[in-house]
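In case you want the letters, here they are:
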Amino acid sequence: MIVPALRLGKVHKSFGRTEIIRGVDLAVQERERHAIIGPNGAGKSTLFNLISARFPVSSGVIELKGADVTSLRPFEIYRRGLSRSFQISNIFHNLSVFDNVRCAVLWSLGYRYSFWHRLSGLREAGDRAASIIEAIGLSRRRATHAALLSYAEQRALEIGITIAGGAEVILLDEPTAGMSHSETEEAVALIRRVTEGKTLVMVEHDMSVVFGLADRISVLVYGQIIATGSPAEIRQNPAVREAYLGTGFADA
Amino acid sequence: MQFVVSSLLNGIAYGLLLFMLSSGLTLIFSMMSILNFAHAAFYMLGAYFAYQISAAVGFWPGLLIAPLLVGILGTLVERYGLRKAHRFGPVAELLFTFGLSFLAVEAVQLIWGKAAVDYRIPPSLQGALFTFHGTSYPIYKAFMMAVSVGMLLALYAGLAFTRIGLIIQAALSRPDMVQALGHDVPRIFTLVFGAGTALAGLAGVIGGNALVTEPGMAQSMGPIVFVVVVVGGLGSLGGAFVASLLIGVLQTFMVGLDWSLIDLLRALRLEPHAASALTRLSLTQLAPIMPYLFMVVILIFRPRGLMGARET
Amino acid sequence: MKALFSRSRVIVLAGYLAVIVVAPLVSQKGYWLSLLCQIGIATIFALSFNMLLGQTGLLSFGHAVYFGLGAFATIHLLRAVHEHSWRFPITLLPLAGGAAGLLFGVAFGYVMTRRAGTTFAMISLGIGEMVAASSLMFPAFFGGEGGVSSNRVTKASWFGITYGSPLQMYYLIAFWAFLCSVGIYALTDTPLGRLANAVRDNPERAEFIGYDPRWVRYLMVALAGFFAGVAGGLTALNYEIVTAETLNAGTSGIVIMMAFVGGIEFFHGPIIGAALITVLQIAVAGVTDAWPFYFGLLFTALVLYAPGGIAGIFAGHRRLYDAGQLGRAMQEYLVAAVPFALCAVGLVTLVEMAYALANTTEPGSAPLHVFGLTLNAAQPLGWAPPSIAVAVGGALLRAVFRRIAGRRETLPAALRRRQA
């Protein structure tokens, strides 16, 4: 039996008396590109927050490469190889682009809370950061204060920070939110580039992005997954069409 | 026995005073995420205003007017100072209230001088309420308790049963939503800040003449109020209530108990070899730092406080 | 990547060193050396404080505990040196202060860093008060009311240096100030140092790149405690007496002011603040007894109008210069200078009058000297002119400020234009 890269088993989450996630089972295989779609309020971001331990689950189990990570803290999950981005750009706004990415590579290079290494002298950290900045297309802006970046640039930086540590499982939360058409195309190309060989789980609203990038799609409606399958299967699924897609994509 | 009763009553009176201060602080924090470092300064101003008014017209007008004056001052501070500092982030807000607390103490010294002022208990409230086993319980302490309880009941009723109270409760957790519904949230903030500082001022009015009214009173009360809020749990009125009474009663008891570790050892028939400063320390001497020790213990074993929910 | 000894770095270091070495020669007056010593100690203290606030985003209201406990540890060690006739180099004595600071940083930091943000500030206050209150409970260590004193001149001396003379004491302080400044600066260029910035900016995101913000904060508190302890050790040697005042709320408050007035967003900010506040403390205190009020006013005004402190003001004007707007700004300042002077003179007069009135022993007569005039604060009519000055000056100032603020809105746009 191949161990899935990420598995959710009967995950429930309630906030007070409101149940947001009502029993989600999900298995994402290694190197799979999996998209989670669904109407607003379905609980997609909540699901991400549960996986990355931003909130604790009410019940259920989350496994990363077979290991139970349900009650770990976010940094512990990160250290085991799962990294996520945020829907609202969550960057270090007083640091330069370069420093943003460099901080994100430090743990993977073995630097813990060292105060005896000279940061500027750490070649590998600097080179790694530089190549990631190159990959996300921000080389020209590498010395810029993160707060001064444009919206699309901040989204790119957000992705850069997420993948910088070399995590094998990447969660992207609405990476193209608020982008124009051309910006979205660039973002999709970027995502494809930087998640090469990794497991990607993403939440998206833009169906062209989803159907362009994803190997498999899960549809989350009212806290439950009503369908999982290939893009073709999902397009044809009547329940999905009724709940979410409408008929626009049926014959694409 | 009389020690227990009198310490208990005194402790409760002190604890209620602490609660008046910490409840105002908690309300302001819950609503606006601002820690009003100058809260004890408003307490001090309440005492000084009451002193001035009672010297001119009498204690009872002072009881009414002084908290009002302090509340008005508080709204002005919020409107013209705090709101401006808000733009620069929470650190700036905190530093602003810190600077304010400092300024208030200096201003008080400028106006009333450095020495304590003679703010007295009015003659109608002097004397003993009852005598219990030889110890007399002052009328004024009972008055303090009555005012505290009355004020807090009024606060509770106001929050729970009036329309503005409901709006405030809503704004406590969802200020954006409340604003989207059309309420003037900034004005509500100003109102809450003014009410919180008025509460502190009232505490000053009734506490200033029982304790001493001097420029240092803010510094002696202030940190304990913060400890109460941390121990009770930031943002929890119930927690502040429990913590205030706990600390108030405990500290009052400790002040009266001259026991030390040596006494304990001797009671267990163990003669200590060397009497170090630590073993000679009596509970009386430990009383001033007890609130802080309590805070340290809480932080180690239950960092969110007794009834706190907020995770910073 | 910047080399360790890049040209600009060497120039700055050399300049710093030169200033430190040459400073005592500026004046022969007795107070000058003592002032320099105070500035040196304050510099280390303020820099250590800013490791927490500016670098890690931790506002501590009790930073003086590490300073004070370091001072007490040092003075006790010095007493022991005398008592047992140890041959211990006084030069290294501040390290004892540092060790004490580090120890307490580890101990208190464990409790303090359990929470962050506002709660951290409150806890720091509580711990500060706890230590200050404890000082009365352990007179053997804290010396009670009179404090603990000793003599920094011991029987042993290395290379003929006894630190008996103020000049030698100054160079000891200067030596440690230089070392500590370099050390604290070096710390900013380490993984921990940069992560401290990350935790300051976005502690949640720091978690999601693998770091526990609690540990980052804890380590920074411990390290800052070390440097504060060194400063404390130097102050013990400088005054040869340590009292409970060294670790009380007042000292914690002063270092906050120093760092903030200088500018917490820049490394050199606290250095400016330490120097300025120390000078002001001595200069202004010599002129008026109401100086704490002026300090409070300056501090509060800076919080509201220039939270970047003096370093921030300079940086802001550098940006104005880059955007070609400096000349215009200078003109505006000139225009603002008149109402500002009016307002300031009026305010100072009012404050001095209030002080004189509050402290007068004769009813009806409260004389004071201000701006070369002799006034009587007890005369009610005398209060009118300065009050009017404050009101009018303040109103005009507000009008001018509105115009300047309007200009500042376009600054980022002008900058971006130039940068593109």
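Here is what the cut-offs are and how they apply
- Residues numbered from 1 in each chain as written.
- Chains lettered and ligands numbered in written order.
- Predicted model: local features only at pLDDT ≥ 70, side-chain atom pairs only at ≥ 80, totals over all residues.
- Helix = DSSP H or I, 4+ residues; strand = E, 2+ residues; numbered from the N terminus.
- Rg over C-alpha atoms; globule rule 2.2 N^0.38 Å.
- Buried ≥ 20, exposed ≤ 12 C-beta atoms within 10 Å, placed from the backbone.
- Contact = placed C-beta atoms within 7 Å.
- Pairing = 2+ DSSP bridges.
- Axes fitted to C-alpha atoms, helices over the stretch in contact; angles between N-to-C directions.
- Parallel < 35°, antiparallel > 145°, perpendicular 65-115°, else oblique.
- Left-handed = near helix turned anticlockwise from the far one by under 90°.
- Nonpolar A, V, L, I, M, F, W, Y, C, P; charged D, E, K, R; others polar.
- Core = buried A, V, L, I, M, F, W, Y, C linked by C-beta atoms within 7 Å.
- Domains from an automatic or database assignment.
- Expected span 1.5 Å × (residues − 1).
- Bend = angle between axes of the 7 residues up to and from the residue.
- pLDDT = per-residue confidence, 0-100.
- Right-handed = clockwise from strand over helix to strand, strands pointing away.

Colleague: Got a minute to help me understand the overall build of chain C in this structure?
Modeller: Across its full length, chain C carries 17 helices and 4 strands. In terms of overall dimensions, chain C is globule-like: its C-alpha atoms have a radius of gyration of 24 Å, near the 22 Å expected for 420 residues. Dimensions of chain C, computed from the C-alpha atoms along their principal axes, are close to 65 × 65 × 45 Å. Within chain C, the proportion of its 420 residues that are buried is 47%.

Colleague: What exactly am I supposed to notice about the overall build of chain A here?
Modeller: Along the backbone of chain A there are 9 helices and 10 strands. Computed over its C-alpha atoms, the radius of gyration of chain A comes to 18 Å, within 12% of the 18 Å expected for a compact globule of 252 residues. When its C-alpha atoms are laid out on the principal axes, chain A stretches across 60 × 40 × 40 Å. By the burial criterion, 44% of the 252 residues in chain A qualify as buried. A separation threshold of at least 6 residues defines the contact pool for chain A, and within that pool the share at least 24 residues apart is 66%.

Colleague: How should I be thinking about the sheet that holds strand β6 (residues 82-84) of chain A in this particular structure?
Modeller: For sheets, the rule is that strands pair by backbone hydrogen bonds, running either parallel or antiparallel. All names here are of chain A. With mixed pairing, 6 strands are arranged side by side in an open sheet as β6-β7-β8-β3-β9-β10. Each edge of the open sheet carries a strand with a single partner, namely β6 and β10 (224-229). Strand after strand, the sheet turns through a mean of 15 degrees between neighbouring axes, direction not considered. When strand β9 (residues 216-221) meets β10, the two strands line up antiparallel, connected through 5 bridges. Within the sheet, the bridge partner assigned to Ile217 lies in β10 and is Gly229. Of the strands in this sheet, β6 and β7 (169-173) touch helix α5 (residues 151-164), which is tilted by about 160 degrees from β7.

Colleague: Can you walk me through the packing of helix α11 (residues 249-262) of chain C against helix α13 (residues 291-305) of chain C in this structure?
Modeller: When two helices pack together, you describe them by how their axes are tilted relative to each other and by the distance separating the axes. All names here are of chain C. One can describe the packing of α11 onto α13 by two numbers: an axis separation of 10 Å at closest approach and a directional angle of 45 degrees. The angle between α11 and α13 falls in the class oblique. Pair α11 / α13 crosses with left-handed handedness. Contacts between α11 and α13 involve Met257, Phe260 and Val261 from the first element and Phe295, Phe299 and Leu302 from the second. For the contact of α11 with α13, the class distribution of residues is 6 nonpolar, no polar and no charged.

Colleague: What exactly am I supposed to notice about the interface of chain B and chain C here?
Modeller: The accessible area lost on association of the parts is a frequent measure of interface size. Listed as interface residues are 41 residues of chain B and, on the opposing side, 39 residues of chain C. Mapped by element, the contributors of at least two residues to the side of chain B that touches chain C are α3 (59-86), α4 (90-112), α9 (217-232) and α14 (290-301) of chain B. In terms of residues, the side of chain B that touches chain C owes the most to one element, α4 of chain B, which gives 15 residues. When grouped by side-chain class, the residues that make up the side of chain B that touches chain C number 33 nonpolar, 6 polar and 2 charged.

Colleague: It is not clear to me how the interface of chain C and chain A should be interpreted in this structure. Could you clarify?
Modeller: If you look at the interface, chain C gives 27 residues, while chain A gives 31 residues. Those elements giving two or more residues to the side of chain C that touches chain A turn out to be α8 (191-201), α9 (203-207) and α10 (213-239) of chain C. In terms of residues, the side of chain C that touches chain A owes the most to one element, α8 of chain C, which gives 8 residues. A breakdown of the residues in the side of chain C that touches chain A according to their chemical character gives 14 nonpolar, 5 polar and 8 charged.

Colleague: I'm lost on the pairing of β7 of chain A in this one. Help?
Modeller: All names here are of chain A. Of all 5 residues in β7, 5 are buried, a share of seventy percent or more. Side chains Val169, Leu171 and Asp173 project from β7 onto one buried face, and the interleaved Ile170 and Leu172 project onto a second face that is buried too. Where β6 and β7 come together, 3 bridges link them in parallel fashion. Its bridge partner being in β7, Arg84 is matched across the sheet by Leu171. Sheet topology places β7 next to strand β8 (residues 199-203); 5 bridges connect them, and they run parallel.

Colleague: Can you walk me through the nonpolar core in this structure?
Modeller: Buried together is how nonpolar side chains tend to be arranged in soluble globular proteins. Membership of the largest hydrophobic core comes to 289 residues, with the highest contact counts inside it found for Met44 of chain B together with Phe227 of chain C. Sorting elements by how many residues they give to this core places helix α1 (residues 2-32) of chain B first, with 16 residues. Looking at which domains feed residues into this core, each of domain 1 (7-307) and domain 2 (323-419) of chain C gives three or more. Discounting chain neighbours no more than four positions away, the residues touching Met44 of chain B are Ala104, Val108, Gly204, Met217 and Ala218 of chain B.

Colleague: Teacher, can you tell me more about α4 of chain B here?
Modeller: Note on helix geometry: an α-helix contains 3.6 residues per turn, so any two residues three or four positions apart are oriented the same way. All names here are of chain B. Look at α4: 33 Å from first C-alpha to last across 23 residues, which is about the 33 Å you get at 1.5 Å a residue. For α4, the buried fraction is high: 19 of the 23 residues fall into the buried class. Among the residues trailing α4, Gly113 stands out with phi positive, at a value near 85 degrees.

Colleague: Whenever I open this one, the environment of Gly182 of chain B confuses me. Can you help?
Modeller: Tracing the chain through its elements places Gly182 of chain B in the loop between α7 (175-180) and α8 (185-208). Taking C-alpha positions, Gly182 of chain B is 53 Å from Ala128 of chain B, a pair spaced 54 residues apart along the chain.

Colleague: Would you take a moment to explain the sheet that holds strand β2 (residues 18-28) of chain A for this structure?
Modeller: All names here are of chain A. Strand order in the open sheet made by the 4 strands is β2-β1-β4-β5, with antiparallel pairing throughout. Each of the sheet's edge strands pairs with one partner strand only, and the pair in question is β2 and β5 (67-68). On top of the sheet, helix α1 (residues 44-51) reaches β1 (6-15), β2 and β4 (59-64); it is set at about 65 degrees to β2, its chief contact.

Colleague: Looking at this structure, how should I read unusual backbone geometry?
Modeller: With the exception of glycine, most residues fall at negative phi, and the peptide bonds are largely trans. One non-glycine residue, Ala53 of chain A, lies in positive phi territory at about 70 degrees. Assignment of secondary structure puts Ala53 of chain A in the loop between α1 and β4. According to the C-beta neighbour criterion, Ala53 of chain A is buried, with 23 such atoms within 10 Å. Backbone geometry at Glu240 of chain C places phi at a positive 60 degrees, although glycine is not the residue there. When you line up the elements, Glu240 of chain C lands in the loop between α10 and β2 (241-242). For Glu240 of chain C, a count of 16 C-beta atoms within 10 Å translates into the label partly exposed.

Colleague: Quick question: what am I supposed to make of helix α4 (residues 93-112) of chain C here?
Modeller: Its 20 residues give α4 of chain C an end-to-end C-alpha distance of 28 Å, which sits within 8% of 28 Å, the value for a rise of 1.5 Å per residue. Considering bend angle alone, the principal kink of α4 of chain C is centred on Val106 of chain C and spans about 25 degrees.

Colleague: When you look at the domain arrangement of chain C in this model, what are you seeing that I'm missing?
Modeller: Domains assigned within chain C are domain 1 (7-307) and domain 2 (323-419). The centre of domain 1 of chain C, based on its C-alpha atoms, is set 33 Å off from the matching centre of domain 2 of chain C.

Colleague: So what exactly am I meant to see when it comes to the environment of Leu95 of chain A here?
Modeller: Along the chain, Leu95 of chain A falls in the loop between β6 and α3 (97-106). Classification of Leu95 of chain A as buried rests on a count of 21 C-beta atoms within 10 Å. Beyond its immediate sequence surroundings of up to four residues, Leu95 of chain A is in contact with Asn100 and Ala146 of chain A together with Asn197, Ala198 and Asp201 of chain C.

Colleague: Can you walk me through the confidence of the model for chain C in this structure?
Modeller: Close inspection of predicted coordinates is inappropriate for parts of the model with low pLDDT. Residues and elements named next belong to chain C. When pLDDT is averaged along chain C, the result is 87, and 96% of the positions lie at 70 or above. No element of chain C has a lower mean pLDDT than helix α17 (residues 411-419), which averages 57, and none a higher one than α10, which averages 96. Here the complex is predicted with pTM 0.90, and the ipTM for its interfaces comes to 0.89.

Colleague: So what exactly am I meant to see when it comes to the pairing of β8 of chain A here?
Modeller: All names here are of chain A. Most of β8 sits out of view: 5 of its 5 residues are buried. Neither face of β8 is exposed, since Thr199, Val201 and Val203 on one face and Leu200 and Met202 on the opposite face are all buried. The pairing of strand β3 (residues 33-37) with β8 spans 4 bridges and is classified as parallel. When the bridges of β8 are listed, Ala35 appears paired with Met202. Taken together, β7, helix α6 (residues 181-194) and β8 form a β-α-β motif whose crossover is right-handed.

Colleague: Is there a simple way to explain the packing of α1 of chain B against α9 of chain B in this structure?
Modeller: Residues and elements named next belong to chain B. In contact at an axis separation of 9 Å, α1 and α9 are set at 65 degrees when each is read in the N-to-C sense. Comparing the axis directions of α1 and α9 gives the class roughly perpendicular. In this structure, the crossing between α1 and α9 has a hand that is right-handed. Counting all contacts with α1, which are made through Leu18, Leu21, Ser22, Leu25 and Thr26, the residues of α9 involved are Met221, Ile224, Val225, Val228 and Val229.

Colleague: Honestly, the environment of Pro339 of chain C in this entry has me stumped. Any pointers?
Modeller: All names here are of chain C. Its place among the elements puts Pro339 in helix α15 (residues 326-358). On the basis of neighbour counts, which here come to 20 C-beta atoms within 10 Å, the residue Pro339 falls in the buried class. In sequence terms Pro339 and Val392 are 53 residues apart; their C-alpha atoms lie 7.7 Å from each other. Those residues in contact with Pro339 that lie beyond four places of it in its chain are Gly393, Leu396, Leu397 and Val400.

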